[in-house]
Amino acid sequence: MTHKSAAIIADKLTKLYGDLLAVDGISFQVDEGEIFGFLGPNGSGKTSTIRMLVGLSRPSGGRASVLGYDLPGESSQAKRYVGVVPDSSNLYDELSARENLLFMARLYGVPRKEQNSRVHRLLQDFGLYERRDDLFGTFSRGMKRALTIAAALVHEPRLLFLDEPTAGLDAAAARSLRRLISGLREKGMTVFLTTHYLTEADMLCDRIAILVQGRIVRIDTPEGLKHLIQDQSLIEFSFRGDVSALLADLQSRLEGGQAALLDSSRIRVYGGDPPRIFDAVFQSSRESGIGLESASTIRPSLEDAFLQITGLSPQVMAADKGSGKGSGVGR
Amino acid sequence: MAKVMGKVREKMMEKMMWQDQMRGVYHIAIKDMKTYYLKPPAISWGMVFPLAWTLAFYLRNPGDFAELVPGLLAMTIIFSTTAAEAVVINFELRLGTLERLLLTPLSMTSVLLGKVLGGFLFGLMMTAIVAAGAVIYLGLQPDFVGLALISLISLMVFSSMGALFSLSVREVFEAQTLLNLPRFLMVFLCGVVYPVSALPEGLQLFSRLLPLTYTVQGLKASFFQEQGAVLAWDLIILFLFLILFLLPAIRLLQRRFS
């Protein structure tokens, strides 16, 4: 047994798949009762880290413990107190919502007399009670996701791993799920949340680790991350045409500022001297013949902090797993 | 005193964990029965194929059909168990539900045993139907204990073999295709339709390396009340085959997920 107040401790945790270094010696600690966000673009090592922490794959190097149990040696003991929501909703299409939850309750050794009451309570909490006898295969994407989360809670875990819980959901379903996740914090559960939706992490997490190419580049509270760029100017320019090809030229004109493409017609500039930035953008717009539509200074968001810290474009983060759709965050 | 109490507690925990694991094996098998037994690949390869083949042999030669019963029963055992394994394992591999089972406190061995038990129970139902039909319709009087023993161990052997082959591929159709190689090889070389003694000497030796030979031999011993020693040897050899299939299957499952 290790630290009592730490739900997860990772120390130089490493994962190699052949020659590919998926997780590069990361170290962090998650305290009991907090919602800890693991933020990074697809392929940054989030799922590989979760797989090691839930005992599905062996670390190539380093050490980790979950709820005081050392991994991988004591993973079967740890699994009794851990719930996992994988990135896909993988319950049984041929079983009803109730049967799926009962099956999971039995595998986790929930006492027989408590099984039905827990299942019914979860179905009610997740708004699925009316559909309890319908087959999982007939559910909508949002309902499947909700039942998958319910299945991970049936044994009342102390720690919940949520891997991309709202990926591919429409705005309403994503909002509803985020409310449920917030509710878990009030019950004192520790939540380890991986997401590539910045606004979602901002709304839900007490602390956030930013992961890029298998390495943690920063761990802080959402406010702390935003504070990093609070003193810098942030100006957003909208153009009347596609400015993707202009970015390199514009960057060379900005002294001390950093330009990032938000979409094909919008550019955000971080830092630098505002009058000079305006001059550079106006000049670039005149020379290219692409008219400037608007310019505004903005308050830094977590997305801005993330872009500044990682140097990645928001499009890289917005790219959804599998579906290519957004989560509906902020929509 | 405290040390003794600690050891007692440890033993109780171990016993509880062992019971939890066995309960998990049972629940996985029951869930597989509900979920997968009526899937088309299980029906076509596990039910229709052995029943159709049995019927074809009966219609061709109803007079001498009793002699073929042990072989056809063996064929039912191998096809029903392996077809069910391909379904219970490969559907779950494809949908990611097998991974979900591995997230529970169950060990990989228990998860695999649950899957093997799923194939075993499917095979048991099919074998019981064919055996009961043969015994009642043809008026055969087998040694029921011997028949039960050889059938049960064979069902476990071929269910484990099915698990081993199914774990090496991803899709159900791939598993069924891959399994056809050992299934048909054994049907032709292990005395199901042609007696092993009628095969060339080299093939006779080769058939000794195949588990179905001992199933057919054991079933013949049970149906035609042959010497008990033959049956005992068949049971021992089949038990060795069970270990030979089960251990690599567990290793393969571990390798897939680590």
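Keep in mind the model is a prediction, meaning the values are calculated, not measured.

Glancing now at the overall build of chain B. Secondary structure summary: chain B contains ten helices and zero strands in total. For chain B, the sequential pattern of α-helices and β-strands runs α-α-α-α-α-α-α-α-α-α. Computed over C-alpha atoms, the radius of gyration of chain B comes to 20 Å, within 12% of the 18 Å expected from 2.2 N^0.38 for 258 residues, which places it in the range of a compact globule. Projected onto its principal axes, the C-alpha coordinates of chain B cover approximately 70 × 45 × 40 Å. Sequence separation of 24 or more characterises 79% of the internal contacts of chain B that already satisfy a separation of 6 or more. Counting only carbon and sulfur atoms, one obtains 70% of the accessible surface of chain B, whose full area is about 12,000 Å². Averaging the coordinates of the 20 positive side-chain charges in chain B and doing the same for the 15 negative ones gives two points 10 Å apart.

Another point: the overall build of chain A. Scanning chain A from N- to C-terminus turns up twelve helices and 14 strands. Its C-alpha atoms give chain A principal-axis dimensions of roughly 75 × 45 × 35 Å. For chain A, the residues scored as buried account for 51% of the 331 residues in total. Contacts in chain A between residues at least 24 apart in sequence constitute 70% of all its contacts with a sequence separation of at least 6. A gap of 6 Å separates the mean positions of the 40 positive and 40 negative side-chain charges of chain A.

Residue and element names in this part refer to chain B. Two elements in contact, helix α3 (residues 65–95) and helix α7 (residues 172–189), have axes separated by 9 Å at closest approach and are oriented at 160°. Between α3 and α7, the interaxial angle falls into the category roughly antiparallel. Between α3 and α7 lies a crossing of right-handed hand. Mapping the contact onto sequence places Met 75, Ile 78, Phe 79, Thr 82, Ala 83, Ala 86, Val 87, Asn 90 and Phe 91 in α3 and Val 172, Ala 175, Gln 176, Leu 179, Asn 180, Arg 183, Phe 184, Met 186 and Val 187 in α7. The residue makeup of the contact of α3 with α7, split by class, is 13 nonpolar, four polar and one charged.

This part takes up the packing of aromatic side chains. Summed over all chains, the structure comprises 25 aromatic pairs over all chains. Cluster of aromatic residues (ring-pair linked, three or more members): Trp45(B), Phe49(B), Trp53(B), Phe57(B), Phe79(B), Phe184(B) and Phe188(B). Positioned above the aromatic ring of Tyr129(A), the side-chain terminus of Arg132(A) is 4.2 Å from the ring centre.

Let us now look at the pattern of salt bridges. Evaluated as defined, the whole model comprises 28 salt bridges over all chains. We note a salt bridge from Lys39(B) to Glu94(A), for which the minimum N-O separation is 2.5 Å. In this pair, Lys39(B) is assigned in the loop between α1 (2–36) and α2 (40–60) and Glu94(A) in the loop between β6 (82–85) and α3 (97–107), connecting two distinct chains. Of the residues examined, Glu94(A) reaches a relative accessible area of 24% and is grouped as partly exposed. We note a salt bridge from Glu156(A) to Arg118(A), for which the minimum N-O separation is 3.7 Å. With Glu156(A) in the loop between α5 (141–153) and β7 (159–163) and Arg118(A) in helix α4 (residues 112–125), this residue pair connects regions lying 38 residues apart in the sequence. Classification of Arg118(A) as buried rests on a relative accessible area of 10%. Linked by salt bridges that have partners in common, Glu114(A), Arg118(A), Arg121(A) and Glu156(A) make up one network.

As a further point, take α2(B). With 21 residues, α2(B) ought to run about 30 Å at 1.5 Å a step, and its terminal C-alpha atoms sit 28 Å apart, in line with that. For α2(B), every residue scored as buried is listed here: Pro41(B), Ala42(B), Gly46(B), Pro50(B), Trp53(B), Thr54(B) and Phe57(B).

For the rest of this paragraph, the subject is the nonpolar core. Counting 166 residues, the largest nonpolar core has Phe28(A), Leu53(A), Phe161(A) and Phe192(A) as the members making the most contacts within it. Per element, the largest residue contribution to this core is 17 residues, and it comes from α3(B). Listed in part, the 16 residues of the second largest apolar core include Ile235(A), Val243(A), Leu250(A) and Ile277(A).

Let's shift gears to the sheet that holds strand β1 (residues 6–17) of chain A. Residue and element names in this part refer to chain A. Sheet architecture is open: four strands sit in the order β2-β1-β4-β5, paired in antiparallel fashion. A strand with exactly one partner marks an edge of an open sheet, and here the two such strands are β2 (20–31) and β5 (69–71). Each strand of the sheet is rotated relative to its neighbour by a mean of 20°, with strand direction disregarded. Relative to β2, β1 runs antiparallel, the two sharing eight bridges.

Between chain B and chain A, the residue contacts involve 24 residues of the former and 24 residues of the latter. Taking both sides of the interface into account, the surface hidden between chain B and chain A amounts to around 2,400 Å²; carbon and sulfur atoms contribute 60%. If you sort the residues of chain B by the area they bury against chain A, Arg100(B), Leu103(B) and Pro105(B) come out on top, with a joint share of 33%. Our enumeration of links across chain B and chain A arrives at nine residue pairs in polar contact (both at pLDDT 80 or more). Sorting the residues of the side of chain B that touches chain A by element identifies α1, α3 and α4 (97–102) of chain B as the ones contributing at least two each. Tallied by class, the residues present in the side of chain B that touches chain A amount to ten nonpolar, seven polar and seven charged.

Residues and elements named next belong to chain B. On the surface, a nonpolar cluster with roughly 630 Å² of combined accessible area is contributed by Trp 233, Ile 236, Phe 239, Leu 240, Ile 243 and Leu 247. By the element assignment, Trp 233 lies in helix α10 (residues 228–257). Take Trp 233: its relative accessible area is 56%, and that puts it in the exposed class.

Moving on to the domain arrangement of chain A. We note that the domain assignment places domain 1 (6–221) and domain 2 (231–299) within chain A. Computed over C-alpha atoms only, the centres of domain 1 of chain A and domain 2 of chain A are separated by 40 Å.

Mapped onto the elements of the fold, Thr190(A) is located in strand β8 (residues 190–195). Separated by 2.8 Å, the side chain of Thr190(A) and the backbone nitrogen of Gly33(A) make a polar contact.

Let's shift gears to the confidence of the model for chain B. Mean pLDDT over chain B works out to 88, with 92% of the residues at or above the 70 mark. Here α1(B) is the element of chain B with the lowest mean pLDDT, 77, and helix α6 (residues 144–167) of chain B is the one with the highest, 95.

All names here are of chain B. Here α7 contains 18 residues, and its C-alpha end-to-end distance of 26 Å stays within 8% of the 26 Å for a straight helix at 1.5 Å per residue. Remark: the principal bend of α7, roughly 30°, maps to Asn 180, with a proline, Pro 182, within the next four residues. All of the buried residues in α7 are Val 172, Ala 175, Gln 176, Leu 179, Asn 180, Pro 182, Arg 183, Met 186, Val 187 and Leu 189. Packing partners of the buried residues in α7 comprise α2, α3, α6, α8 (201–207) and α9 (211–223).

About the thresholds
- Residues numbered from 1 in each chain as written.
- Chains lettered and ligands numbered in written order.
- Predicted model: local features only at pLDDT ≥ 70, side-chain atom pairs only at ≥ 80, totals over all residues.
- Heavy atoms only, no water.
- Helix = DSSP H or I, 4+ residues; strand = E, 2+ residues; numbered from the N terminus.
- Rg over C-alpha atoms; globule rule 2.2 N^0.38 Å.
- Contact = heavy atoms within 4.5 Å.
- Areas by Shrake-Rupley, 256 points an atom, 1.4 Å probe, with all protein chains shown as cover.
- Lys, Arg positive; Asp, Glu negative; His and termini not counted.
- Charge placed at Lys NZ, Arg CZ, Asp CG, Glu CD.
- Buried < 20%, exposed > 50% of the residue type's maximum accessible area, 1.4 Å probe, protein only.
- Axes fitted to C-alpha atoms, helices over the stretch in contact; angles between N-to-C directions.
- Parallel < 35°, antiparallel > 145°, perpendicular 65-115°, else oblique.
- Left-handed = near helix turned anticlockwise from the far one by under 90°.
- Nonpolar A, V, L, I, M, F, W, Y, C, P; charged D, E, K, R; others polar.
- Phe/Tyr/Trp six-rings, centres within 6.5 Å; stacked < 30°, edge-to-face > 60°.
- Lys NZ or Arg CZ within 6 Å of the ring centre and 35° of its normal.
- Salt bridge = Lys/Arg side-chain N within 4 Å of Asp/Glu carboxyl O.
- Expected span 1.5 Å × (residues − 1).
- Core = buried A, V, L, I, M, F, W, Y, C linked by side-chain atoms within 4.5 Å.
- Pairing = 2+ DSSP bridges.
- Buried area = accessible area lost by both parts, 1.4 Å probe.
- Polar contact = N/O pair within 3.5 Å; in protein donor to acceptor, adjacent residues only side chain to side chain.
- Patch = residues over 30% accessible without salt bridge, like charges linked within 9 Å, V, L, I, M, F, W, Y side chains within 5 Å.
- Domains from an automatic or database assignment.
- pLDDT = per-residue confidence, 0-100.
- Bend = angle between axes of the 7 residues up to and from the residue.

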